[in-house]
Amino acid sequence: MQYNNIKNTNINVSRVSFGTASLHHLISSKKRRYLLEAIASMGVTHFDTSPYYGYGLSEIDLGVLLRKYRENITVSTKIGLYPPKGATQGVLNVLSRKLLGKFNPNYSKAEVDWSLKRASKSIEVSLKRLNRDYVDFLFLHEPNILLIDKEELMYWAEELKKQGKIRYVGLAGLPKILAPWVESKHPLINILQTRDGANEKSLVDTFQRNGFKPQFTYGYLSDVKKSDLLNGINSIMHDAYTRNSTGSIIVSSKKIERFKELIDEI
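Residues numbered from 1 in each chain as written. Predicted model: local features only at pLDDT ≥ 70, side-chain atom pairs only at ≥ 80, totals over all residues. Heavy atoms only, no water.

Engineer: Help me out: how do you make sense of the overall build of the protein in this one?
Structural biologist: Along its length, the protein carries nine helices and 12 strands. Judged by the C-alpha coordinates and their principal axes, the protein covers about 50 × 45 × 40 Å. Per-residue burial over the protein gives 52% buried out of 266 residues. Counting only contacts in the protein whose residues sit at least 6 apart along the sequence, the fraction spanning at least 24 positions is 74%. Entry remark: accessible area of the protein is about 12,800 Å², with carbon and sulfur atoms responsible for 51%. Side-chain charges of the protein comprise 39 positive and 27 negative groups, with the mean position of each set lying 5 Å from the other. (Helix = DSSP H or I, 4+ residues; strand = E, 2+ residues; numbered from the N terminus. Buried < 20%, exposed > 50% of the residue type's maximum accessible area, 1.4 Å probe, protein only. Contact = heavy atoms within 4.5 Å. Areas by Shrake-Rupley, 256 points an atom, 1.4 Å probe, with all protein chains shown as cover. Lys, Arg positive; Asp, Glu negative; His and termini not counted. Charge placed at Lys NZ, Arg CZ, Asp CG, Glu CD.)

Engineer: How should the pattern of salt bridges be read in this particular structure?
Structural biologist: Side-chain pairs of opposite charge can arise where the charged atoms are in close proximity. If you walk through the whole model with that rule in mind, you get 17 salt bridges. For K165, the salt bridge is made with E124, and the minimal N-O distance between the two is 2.4 Å. With a gap of 41 residues between them, K165 in the loop between α5 (150-162) and β9 (166-173) and E124 in helix α4 (residues 116-130) connect regions that are remote in the sequence. According to the relative accessible area criterion, K165 is partly exposed, its value standing at 21%. Of the charged contacts, one joins R195 and E200 as a salt bridge, the two residues approaching to 3.1 Å between their closest N and O atoms. (Salt bridge = Lys/Arg side-chain N within 4 Å of Asp/Glu carboxyl O.)

Engineer: Help me out: how do you make sense of helix α2 (residues 57-68) in this one?
Structural biologist: Since the α-helix advances by 3.6 residues per turn, residues separated by three or four positions end up pointing in the same direction. All of the buried residues in α2 are L57, S58, E59, D61, L62, G63, L65 and L66. Buried positions along α2 lie against α1 (29-41), β4 (46-48), β5 (74-79), α3 (91-101) and α4.

Engineer: How should the sheet that holds strand β10 (residues 192-195) be read in this particular structure?
Structural biologist: Working definition: the strands of a sheet are paired by backbone hydrogen bonds and lie parallel or antiparallel to each other. The strand order around the closed barrel formed by eight strands is β3-β4-β5-β8-β9-β10-β11-β12, and the pairing between neighbours is parallel. Between one strand and the next, the sheet's axes are offset by a mean angle of 25 degrees, whatever the strand orientation. Each of β3 (16-19) and β12 (248-251) is contacted by helix α9 (residues 256-263), which is oriented at about 150 degrees to β3, the strand it contacts most. (Pairing = 2+ DSSP bridges. Axes fitted to C-alpha atoms, helices over the stretch in contact; angles between N-to-C directions.)

Engineer: I tried to follow the environment of Y134 on my own but got confused; where do I start?
Structural biologist: On the secondary structure map, Y134 appears in the loop between α4 and β8 (135-141). Of the residues examined, Y134 reaches a relative accessible area of 29% and is grouped as partly exposed. Distance from Y134 to I39, taken between C-alpha atoms, is 22 Å for residues 95 residues apart in sequence. Look past the residues within four positions of Y134 in its chain and what remains in contact with it is L127, G164, K165, I166 and R167.

Engineer: What exactly am I supposed to notice about the side chain of S253 here?
Structural biologist: One can find S253 in the loop between β12 and α9. One polar contact links the side chain of S253 to the main-chain carbonyl oxygen of K255, over a distance of 3.1 Å. Each residue touching S253, except ones within four places of it in the same chain, is listed here: F18, L35, R258 and F259. (Polar contact = N/O pair within 3.5 Å; in protein donor to acceptor, adjacent residues only side chain to side chain.)

Engineer: Just checking my understanding: could you explain α1 for this structure?
Structural biologist: Given a rise of 1.5 Å per residue, 13 residues ought to cover 18 Å, and the 18 Å separating the end C-alpha atoms of α1 matches this to within 8%. Turning to α1, its buried residues are R32, L35, L36, A38, I39 and A40. On the buried face of α1, the contacting elements are β3, β4, α2, α3 and α9. N-capping of α1 is provided by S28, with a side-chain oxygen placed 3.2 Å from the backbone N of K30. A positive phi of about 105 degrees marks G43, the residue just after α1. (Expected span 1.5 Å × (residues − 1).)

Engineer: How do you make sense of unusual backbone geometry when you look at a structure like this?
Structural biologist: Phi is mostly negative for residues that are not glycine, and the peptide bonds are mostly trans. One non-glycine residue, N131, lies in positive phi territory at about 60 degrees. Checked against the element boundaries, N131 lands in the loop between α4 and β8. Under the relative-accessibility criterion, N131 is labelled partly exposed at 25%. The phi angle at K185 is positive, at roughly 55 degrees, despite the residue not being glycine. With respect to the secondary-structure elements, K185 resides in the loop between α6 (175-184) and β10.

Engineer: How do you make sense of a nonpolar patch on the surface when you look at a structure like this?
Structural biologist: On the surface, a cluster of nonpolar side chains totalling about 350 Å² of accessible area is made up of V112, L146 and L147. Mapped onto the fold, V112 is located in strand β7 (residues 111-112). (Patch = residues over 30% accessible without salt bridge, like charges linked within 9 Å, V, L, I, M, F, W, Y side chains within 5 Å.)

Engineer: In this structure, what is going on with the pairing of β9? I would like to understand it.
Structural biologist: Each regular strand displays side chains that alternate between the two surfaces of the sheet. Counting buried residues along β9, seven of its eight residues qualify, which places the element largely inside the surrounding structure. Where β8 lies against β9, six bridges are found, and the strand directions are parallel. Each bridged residue has a counterpart across the sheet, and for V135 the counterpart in β9 is I166. With α5 bridging β8 and its parallel neighbour β9, the resulting β-α-β unit is right-handed. Pairing analysis gives three bridges linking β9 to β10, with the strands arranged parallel. In the sheet register, G173 faces β10, and the bridge partner there is T194. (Right-handed = clockwise from strand over helix to strand, strands pointing away.)

Engineer: Hey, could you run me through the nonpolar core in this one?
Structural biologist: Within soluble globular proteins, side chains that are nonpolar generally end up buried alongside one another. Within the largest apolar cluster, 58 residues are counted, with the highest numbers of intra-cluster contacts made by F18, F47, L140, W156 and F259. V13, F139, I191 and F216 belong to the second-largest nonpolar core, a separate cluster that totals 10 residues. (Core = buried A, V, L, I, M, F, W, Y, C linked by side-chain atoms within 4.5 Å.)

Right, here's the structure in full:
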């Protein structure tokens, strides 16, 4: 595994990070935690999570891993998007809500709340789930620039830094959501996490031309047809590593062998 220093920080992370958005698709907690352990043993040092992922399950499972790898792993979590009302952390509840959400989105869609009261509570709960005193990166999750009191949030984030609860704050979301932030050159764009799939590359290229290259990227495999994926995974991952040569690429997988195949392309 190779490692990069994340621009605008003093943090080094693995060239490949593990994303936990779909970790709950593994019903057994034993299997989820075994997967995380195996990923860490491959040299992956950065894990991306959110209280919305698995309605808190991904943070809980990651917290188990962090008891063992506390000093060697960096973590990012998020604020702004939260589990729907009434959601619990049981995996069957999560999966059933996701299924019902296909017919009625209210069952599974995230609650959007940019109040600092909710954010403060969320970071405390996330730290408890993760078994940590701090997170390395705190991202605003799909942040609508029109809904956020930016000055108030920046002051709040600086206070969290002083308290030692976060090291850095940034933005995580689709390029079209981050575009207004980039255009306004807001300080939060110093650390960006965004999708860089086939449909988003042109907008991400615009970010880079303006001097704001995302440090964390994902989505390279999502837009590819399964038939093309089987035949061209080497080319796809080579393109991903070329496009983001100085940061980290977030990859998710339920299968250890599949993940190993992806990182072997570095």
